[in-house]
Amino acid sequence: MVAGWEWDDTLFAGTAAYYERGRPPYAPGLADALAEVLRPDGEGRLVDVGCGPGTIALSLAHLFGEIVGVDPDRGMIAEAGRRATDRGVGEKARWVRARAETLPAGLGTFAVATFAQSFHWMDRDLVAATVRDMLQPGGALVHIADLKTEHRTLDGLPHPPVPYTAVDELVKRYLGPVRRAGRGVLPQGTAGGEAEVFARAGFSGPRRLVVPGGQALERTVDDVVAWVFSMSFSAPHLFEGRRDDFEGDLRRLLREASSVGRFSERGPSTEVFVWRKDSSGC
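It should be emphasised that the depicted structure is a prediction, and the values quoted were computed from it without experimental measurement.

Some words on the pattern of salt bridges
Part 1 of the reasoning: Counted according to the given criterion, the structure contains 20 salt bridges.
Part 2 of the reasoning: Between Arg 200 and Asp 125 there is a salt bridge, with its nearest N and O atoms 3.0 Å apart. Remark: Asp 125 occurs in helix α5 (residues 124-134) and Arg 200 occurs in helix α7 (residues 194-200); sequence separation between them is 75 residues.
Part 3 of the reasoning: Look at Asp 125 and you get partly exposed, because its relative accessible area is 38%.
Part 4 of the reasoning: Each of Glu 20, Glu 79, Arg 82, Arg 83 and Asp 86 takes part in a single network of salt bridges with overlapping partners.

A closer look at the environment of Pro 161
Part 1 of the reasoning: Mapped onto the secondary structure, Pro 161 falls in the loop between β5 (135-146) and α6 (164-175).
Part 2 of the reasoning: In this structure Pro 161 comes out as partly exposed when scored by relative accessible area, which is 44%.
Part 3 of the reasoning: Sequence spacing of Pro 161 and Lys 277 is 116 residues, and the spatial spacing of their C-alpha atoms is 43 Å.

Focus on unusual backbone geometry
In terms of backbone geometry, most residues other than glycine have negative phi values and most peptide bonds are trans.
Part 1 of the reasoning: Look at the link from Leu 103 to Pro 104: it is a cis peptide, with omega at 15°.
Part 2 of the reasoning: Residue Pro 206 follows Gly 205 across a cis peptide bond; omega there is 5°.
Part 3 of the reasoning: In this structure, Pro 206 sits in strand β8 (residues 204-211).
Part 4 of the reasoning: Positive phi values are uncommon outside glycine, yet Arg 39 reaches one of about 50°.
Part 5 of the reasoning: The exposed category is assigned to Arg 39, whose relative accessible area is 64%.
Part 6 of the reasoning: A positive phi angle is found at Ala 105, which is not glycine, with a value near 55°.

Let's talk about the side chain of Thr 130
Part 1 of the reasoning: In this structure, Thr 130 sits in helix α5.
Part 2 of the reasoning: Those residues within four positions of Thr 130 in sequence are excluded, and the remaining contacts are Leu 103 and Pro 104.

Observations regarding the pairing of β5
Part 1 of the reasoning: Across six bridges, strand β4 (residues 110-116) lies against β5 in parallel orientation. Residue Val 112 lies in a different strand from β5, and its bridge partner there is Ala 140.
Part 2 of the reasoning: Traced from β4 through α5 to β5, the parallel crossover comes out right-handed.
Part 3 of the reasoning: Bridge count for β5 against strand β11 (residues 270-276) is seven bridges, and the pairing is antiparallel. Along β11, the bridge assignment pairs Ala 140 with Arg 276.

Definitions and cut-offs
Residues numbered from 1 in each chain as written. Predicted model: local features only at pLDDT ≥ 70, side-chain atom pairs only at ≥ 80, totals over all residues. Heavy atoms only, no water. Salt bridge = Lys/Arg side-chain N within 4 Å of Asp/Glu carboxyl O. Helix = DSSP H or I, 4+ residues; strand = E, 2+ residues; numbered from the N terminus. Buried < 20%, exposed > 50% of the residue type's maximum accessible area, 1.4 Å probe, protein only. Contact = heavy atoms within 4.5 Å. Pairing = 2+ DSSP bridges. Right-handed = clockwise from strand over helix to strand, strands pointing away.

Next comes the structure, spelled out in structure tokens:
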């Protein structure tokens with residue numbers, strides 16, 4: 001975790017209901033790409049650490065005999081359970097409300113562990129070492145994130161882009177110039193350097209994959225509002241008694257940016273790093 005900041009249970013409070021609508025999807029070929037690399041037999045177990053509303057675990061459920069999602073937020077766990085039932089995989093899914101730092105929590109061993117844009121919130125050296133112990137010999141740790149280095153052109157798309165810069169400025173008007181994170185702030189943002197952490201924990205690799213995105217997405221005003229409220233730095237509770245005022249200003253900003261209330265963007269590519277535990281189990 002970043003020096004000077006401590007995790008608290010309000011980090012994603014109230015955001016779970018906005019995830020499915022607000023967050024842009026991972027690249028559409030992600031599950032197939034992971035199936036090709038991991039070669040699961042359909043009987044193994046997957047643990048998704050920091051699972052949120054089950055986005056990654058549910059997209060990979062068909063590849064495993066059991067999926068286990070771990071997340072400290074009550075709303076996220078409830079949303080993941082609802083979505084698993086809706087998708088007809090509730091019987092093979094288990095959702096555990098716990099911080100990653102409390103693992104192994106009696107969950108047993110796994111063929112694959114995934115971290116999808118969650119690892120930076122954790123005590124990373126502790127969690128990496130613990131998860132390595134939870135993996136079977138030859139097991140894989142998969143770190144998943146949007147590709148940050150690509151430029152996604154909007155050429156040929158029918159609507160204006162989401163005015164992200166203006167939205168960011170509006171959030172700062174209400175919450176201040178320093179990024180909020182739960183009860184604390186993150187002046188320098190979240191931590192990087194995951195490769196060094198996983199190497200220190202004894203993993204070998206990684207194998208890097210980039211699953212191409214670029215698909216045209218159409219976003220409504222409601223979609224963009226949901227995106228804002230799905231983010232830790234603009235979680236609903238941070239606005240306290242001013243949430244309705246903020247949402248009103250946000251909707252006015254978005255309507256001014258698009259007279260038809262529609263925005264265009266392209267889905268991000270997904271960057272994946274696959275790390276391995278030695279097949280001897282050492």
